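# Chains, contacts and geometry: an overview
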Amino acid sequence: EARLAYADRPKFADPNKGIHIDANENPLGPSEGARAAMANILPKGGRYEFSMQTELEETFAKMQGLDPESVNAYAGSTEPLHYTVLAYTSASKPLVIADPGYEAPMWAAKASGAEVIKVPLADPQGAASHDIKAMLAASPTPGVIYVCNPNNPTGTVTPKEEIDQLVAGVPKGTIVLIDEAYIHFSDTPSCLHMVKEGKDVIILRTFSKLYGMAGIRMGFVIGRPDLINKLPSLGGQNSLPITAMAAAKASLEDPELVPTRKKLIGEIRTENLNWLKSKGYHVTPSDSNCFMLDVKRPGKEVLAAMAAKDVYIGRIWPAWPTSVRITVGSREEMAIFRKTFEEVMNSSTA
Ligand code: PLP
């Protein structure tokens, strides 16, 4: 999640109080290895340590069989997401996004002057995947078509074959921006191979979700060098925090981290989706660490009533006003969520 810089910025709850399942964070935080790596590197904090960035990019590239020139690290994926939309959209090249979807690309389109075309998710009561056909048909000259897989806020996946069709079908010069922030939680295949194949795609990865480093800040943009090398000129050539680079490298080098956390979060997600379904609620079929829950009344009332009991659930999307986004927290947090949710839904005031 990114912090809105505009007047409609919400007031943030005290992070030291209550249950926070509102921002798709990972309650586990950085891994033990990442914490140790940060502590070890701290004395070098007076240096830029440029070589660490190269090493980190090379580590990821090697793991994925990519050319290191096609991987650039940033302090989180928000920056390269923003710069990609700035670089490839304009007043004559719209941004095409899914709705409900992650809003950050729209904020960049405000700056580039691009029209934003929102395409409703297909089959909202079912798979709630991206409507790839409609996204392809949305504009004759799209600058960027943004696909978030799994999607934020629904946690739903779009079949890989459909993303293949999208990439094959876009007009020349259109970038398909594939946001894989939540891919580690999911069984859906990654699209990284498209970079090796020289496609017009740009892919985003982050350490903020499964790796539990939202507050540490590290992410990657992956794409053909000629595509991603347009980005630094839009945001300066910043050097990266050495703590974040050390933590990211240690996280990548731990082979147990992704499978262990994916399994745990997946189990907690399933328990809660099943409980909500058993109580008669519709939930999106999430393969991620968040899902949408239809509360059958204005979502903002339920959000406020939960917040009054110090349980902070996620946001509302205007397209689905009776749904709220829930982040999968720890087992303990989710037990409190369920208890509080029942209280709120059984009371007549919410
Ligand atoms: N992309 C998606 C889909 C997200 O949900 C988020 C954060 O919630 C981000 C990108 C940005 O994350 P970060 O800048 O922490 O990498």
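Residues numbered from 1 in each chain as written. Predicted model: local features only at pLDDT ≥ 70, side-chain atom pairs only at ≥ 80, totals over all residues.

### Looking at the overall build of the chain
Of regular secondary structure, the chain possesses 13 helices and 12 strands. Taken against the 2.2 N^0.38 rule, which gives 20 Å for 350 residues, the C-alpha radius of gyration of the chain at 20 Å falls within 12% of a compact globule. Oriented by its inertia axes, the alpha-carbon framework of the chain measures out at about 60 × 55 × 40 Å. Across the chain, every contact between residues at least 6 apart in sequence was considered, and the portion connecting residues at least 24 apart equals 71%. (Helix = DSSP H or I, 4+ residues; strand = E, 2+ residues; numbered from the N terminus. Rg over C-alpha atoms; globule rule 2.2 N^0.38 Å. Contact = placed C-beta atoms within 7 Å.)

### Thoughts on the nonpolar core
Formed by 100 residues in total, the largest nonpolar core has its most connected members in Ile145, Tyr146, Leu166, Val176, Val201, Ile203 and Ala247. Among the elements that take part in this core, helix α10 (residues 242-252) stands out by supplying seven residues, more than any other. Both domains that meet at this core, namely domain 1 (19-29 + 257-345) and domain 2 (32-252), each give it at least three residues. When neighbours within four sequence positions are excluded, tyrosine 146 is seen to be in contact with Leu95, Val96, Ile97, Pro105, Leu177 and Asp179. (Core = buried A, V, L, I, M, F, W, Y, C linked by C-beta atoms within 7 Å. Buried ≥ 20, exposed ≤ 12 C-beta atoms within 10 Å, placed from the backbone. Domains from an automatic or database assignment.)

### Let's talk about the UniProt feature "domain: Aminotransferase class I/classII large" (unreviewed entry) in the chain
In the UniProt entry, the feature "domain: Aminotransferase class I/classII large" (unreviewed entry) is given for residues 19-337. Helix makes up 39% of residues 19-337 and strand 17%, with an end-to-end C-alpha separation of 8 Å. (UniProt positions renumbered as here; feature names shortened; annotations may be inferred.)

### Points about the packing of helix α1 (residues 32-41) against α10
Contact geometry of α1 with α10 gives a least axis separation of 8 Å together with a crossing angle of 145°. Relative to α10, α1 is oriented so that their crossing is right-handed. Contacts from Gly33, Ala34, Ala37, Met38 and Ile41 of α1 reach α10 at Ile242, Thr243, Ala246, Ala247, Lys249, Ala250 and Ser251. For the contact of α1 with α10, the class distribution of residues is eight nonpolar, three polar and one charged. (Axes fitted to C-alpha atoms, helices over the stretch in contact; angles between N-to-C directions. Left-handed = near helix turned anticlockwise from the far one by under 90°. Nonpolar A, V, L, I, M, F, W, Y, C, P; charged D, E, K, R; others polar.)

### A closer look at the sheet that holds strand β2 (residues 71-74)
Strand pairing in a sheet relies on backbone hydrogen bonds, with the paired strands running either antiparallel or parallel. The sheet built from seven strands is open, its strands ordered β2-β8-β7-β6-β5-β3-β4 with mixed pairing. The open sheet has two edge strands, β2 and β4 (116-120), and neither has a second partner. Neighbouring strand axes in the sheet, compared pairwise and without regard to direction, differ in orientation by 25° on average. One ladder, built from two bridges, connects strand β3 (residues 95-99) with strand β5 (residues 144-148); its direction is parallel. Across the sheet, valine 96 pairs through a bridge with isoleucine 145, a residue of β5. Set on the sheet, helix α2 (residues 50-64) makes contact with β2 and β8 (219-223); between it and β2 the angle comes to about 130°. The strands touched by helix α4 (residues 104-112) are β3, β4 and β5; relative to β3, the strand with the most contacts, the crossing angle is about 150°. (Pairing = 2+ DSSP bridges.)

### Points about the pairing of strand β10 (residues 290-294)
Summarising burial for β10: four of the five residues are buried, a large majority. Examined bridge by bridge, strand β9 (residues 282-283) and β10 share two bridges and lie antiparallel to one another. Note on β10: the bridge partner recorded for valine 283 is leucine 293. Here β9 hands over to β10 after six residues, the two strands then running antiparallel side by side.

### Let's talk about the pairing of β4
In the sheet, β3 pairs with β4 via five bridges, with the strands oriented parallel. The partner of isoleucine 97 across the bridge, within β4, is lysine 118. Taken together, β3, α4 and β4 form a β-α-β motif whose crossover is right-handed. (Right-handed = clockwise from strand over helix to strand, strands pointing away.)

### Overview of the domain arrangement of the chain
Domain boundaries assigned for the chain yield domain 1 (19-29 + 257-345) and domain 2 (32-252). One C-alpha centre belongs to domain 1, the other to domain 2; they are set 25 Å apart. On the side of domain 2, 24 residues touch domain 1, which itself brings 26 residues to the contact. At the level of secondary structure, the elements contributing two or more residues to the side of domain 1 that touches domain 2 comprise α11 (257-278) and β10. In the side of domain 1 that touches domain 2, the residues fall into 11 nonpolar, 10 polar and five charged.

### Comments concerning the confidence of the model for the chain
Per-residue pLDDT for the chain averages 95, and the proportion of residues at 70 or more is 96%. Overall fold confidence (pTM) sits at 0.96, and the ipTM for the predicted complex is 0.99. (pLDDT = per-residue confidence, 0-100.)

### Details of the packing of helix α3 (residues 78-88) against α4
For the pair α3 and α4, interaxial distance at closest approach is 8 Å and the crossing angle is 45°. The angle between the axes of α3 and α4 places the two elements in the oblique class. Relative to α4, α3 is oriented so that their crossing is right-handed. Of the residues in α4, those touching α3 at Thr78, Leu81, His82, Val85 and Leu86 are Ala104, Pro105, Ala108, Ala109, Ala111 and Ser112. Partitioned by chemical class, the residues of the contact of α3 with α4 number eight nonpolar, three polar and no charged. (Parallel < 35°, antiparallel > 145°, perpendicular 65-115°, else oblique.)

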